[in-house]
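Residue-level listing of the chains:
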Amino acid sequence: DEGIAGYRDDSLMTVVQNETDYNMPLRVVSYKQLYGWSMDEIVKAVGLRNNCTFCGVFRRQALDRGAELLGATKVATGHNADDAAETVLLNVTRGDTARLARCASASTGLSGDRAAGDEGEVSSLPRVKPLMRTYEKDIVLYARFNRLKYFSTECTYAPGAARGHVRDFVKNIERLRGDAVM
């Protein structure tokens, strides 16, 4: 839980319901618990600039800490083909060639060395992205067809962020050519 008012409320209710429906273990950790700050507090302190960077670093660290609390040996994320295309384009626009290879990989750190995330932080656990070759729209269609409970909410701070602009660009390209991100 990033601590963004109105953003995680619906998604937290959904994952708690899924925990019950599917008898799956769930452990929710918050930025406030882990770091002493919520994202709303960070944004209040630093403004709207670079808050996605703070949040991304915190989220990856929170995933690692949560996984370690549960005794996990890997972290699986829900990154899809659209996410990968956005990250590649962001790294191209930043001129960050070092991150380009990592962000396009479906796994990191599986050979036993420490995994580096898309943004370059070092993780103690290998990461896998099983949905990386699947379009976001196909994931949504699958969930709807199978009547799965899911959530889709954009962060209130995302529209002005670079990723928000890149996301719009990717969606426009997909409208012209449906398989453009693969």
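Since the model is a prediction, treat every value here as computed from it, not as a measurement.

1. Describing the packing of helix α3 (residues 39-46) against helix α4 (residues 51-70)
Turning to step 1, where the next piece is worked out: As a packed pair, α3 and α4 sit with axes 10 Å apart at the nearest point and diverge in direction by 145°. For α3 against α4, the interelement crossing comes out right-handed. Packed against α3, whose contacting residues are Met39, Ile42, Val43 and Val46, the element α4 presents Asn51, Phe54, Cys55 and Phe58 at the interface.
Turning to step 2, where the next piece is worked out: Classifying every residue of the contact of α3 with α4 by side-chain character gives seven nonpolar, one polar and no charged.

2. With respect to a nonpolar patch on the surface
Turning to step 1, where the next piece is worked out: Side chains of Tyr22, Met24, Tyr142 and Leu148 sit close together on the surface and give an oily, nonpolar patch of about 430 Å² of accessible area.
Turning to step 2, where the next piece is worked out: By the element assignment, Tyr142 lies in helix α7 (residues 136-145).
Turning to step 3, where the next piece is worked out: Overall, Tyr142 belongs to the exposed group, its relative accessible area being 53%.

3. Things to note about the sheet that holds strand β5 (residues 127-128)
Turning to step 1, where the next piece is worked out: In spatial order, the strands read β1-β5-β2; together these three strands make up an open sheet with mixed pairing. Edge positions in the open sheet fall to β1 (75-76) and β2 (107-108), since each of these has one partner strand only.
Turning to step 2, where the next piece is worked out: Pairing geometry for β1 and β5, over two bridges, is parallel. Directly across from Val75, in β5, lies its bridge partner Arg127.

4. Quick notes on the environment of Leu176
Turning to step 1, where the next piece is worked out: Along the chain, Leu176 turns up in helix α8 (residues 162-176).
Turning to step 2, where the next piece is worked out: Note on Leu176: relative accessible area 78%, which makes it exposed.
Turning to step 3, where the next piece is worked out: Separated by 148 residues in the primary sequence, Leu176 and Val28 place their C-alpha atoms 39 Å from one another.

5. Quick notes on the confidence of the model for the chain
Low pLDDT means the predicted atomic positions in that stretch should not be read closely.
Turning to step 1, where the next piece is worked out: Looking at the chain as a whole, the pLDDT averages 84, with 92% of positions reaching at least 70.
Turning to step 2, where the next piece is worked out: Least confident of the elements in the chain is strand β3 (residues 115-116), whose mean pLDDT is 49; most confident is α7, at 93.

6. Description of the packing of aromatic side chains
Turning to step 1, where the next piece is worked out: In this structure the tally under the stated criterion is three aromatic pairs.
Turning to step 2, where the next piece is worked out: Considering the side-chain rings of Tyr31 and Tyr35, the 5.7 Å spacing of their centres and the 70° angle between planes classify their relative orientation as edge-to-face. Here Tyr31 and its partner Tyr35 are both found in helix α2 (residues 31-35), four residues apart, which amounts to about one turn of the helix.
Turning to step 3, where the next piece is worked out: Overall, Tyr31 belongs to the buried group, its relative accessible area being 3%.
Turning to step 4, where the next piece is worked out: Note on Tyr35: relative accessible area 19%, which makes it buried.
Turning to step 5, where the next piece is worked out: In this structure an aromatic cluster arises from ring pairing among Tyr31, Tyr35 and Phe58.
Turning to step 6, where the next piece is worked out: The ring centre of Tyr135 lies 5.3 Å from the NZ or CZ of Lys137, which sits over that ring.

Conventions adopted
Residues numbered from 1 in each chain as written. Predicted model: local features only at pLDDT ≥ 70, side-chain atom pairs only at ≥ 80, totals over all residues. Heavy atoms only, no water. Axes fitted to C-alpha atoms, helices over the stretch in contact; angles between N-to-C directions. Helix = DSSP H or I, 4+ residues; strand = E, 2+ residues; numbered from the N terminus. Left-handed = near helix turned anticlockwise from the far one by under 90°. Contact = heavy atoms within 4.5 Å. Nonpolar A, V, L, I, M, F, W, Y, C, P; charged D, E, K, R; others polar. Patch = residues over 30% accessible without salt bridge, like charges linked within 9 Å, V, L, I, M, F, W, Y side chains within 5 Å. Areas by Shrake-Rupley, 256 points an atom, 1.4 Å probe, with all protein chains shown as cover. Salt bridge = Lys/Arg side-chain N within 4 Å of Asp/Glu carboxyl O. Buried < 20%, exposed > 50% of the residue type's maximum accessible area, 1.4 Å probe, protein only. Pairing = 2+ DSSP bridges. pLDDT = per-residue confidence, 0-100. Phe/Tyr/Trp six-rings, centres within 6.5 Å; stacked < 30°, edge-to-face > 60°. Lys NZ or Arg CZ within 6 Å of the ring centre and 35° of its normal.

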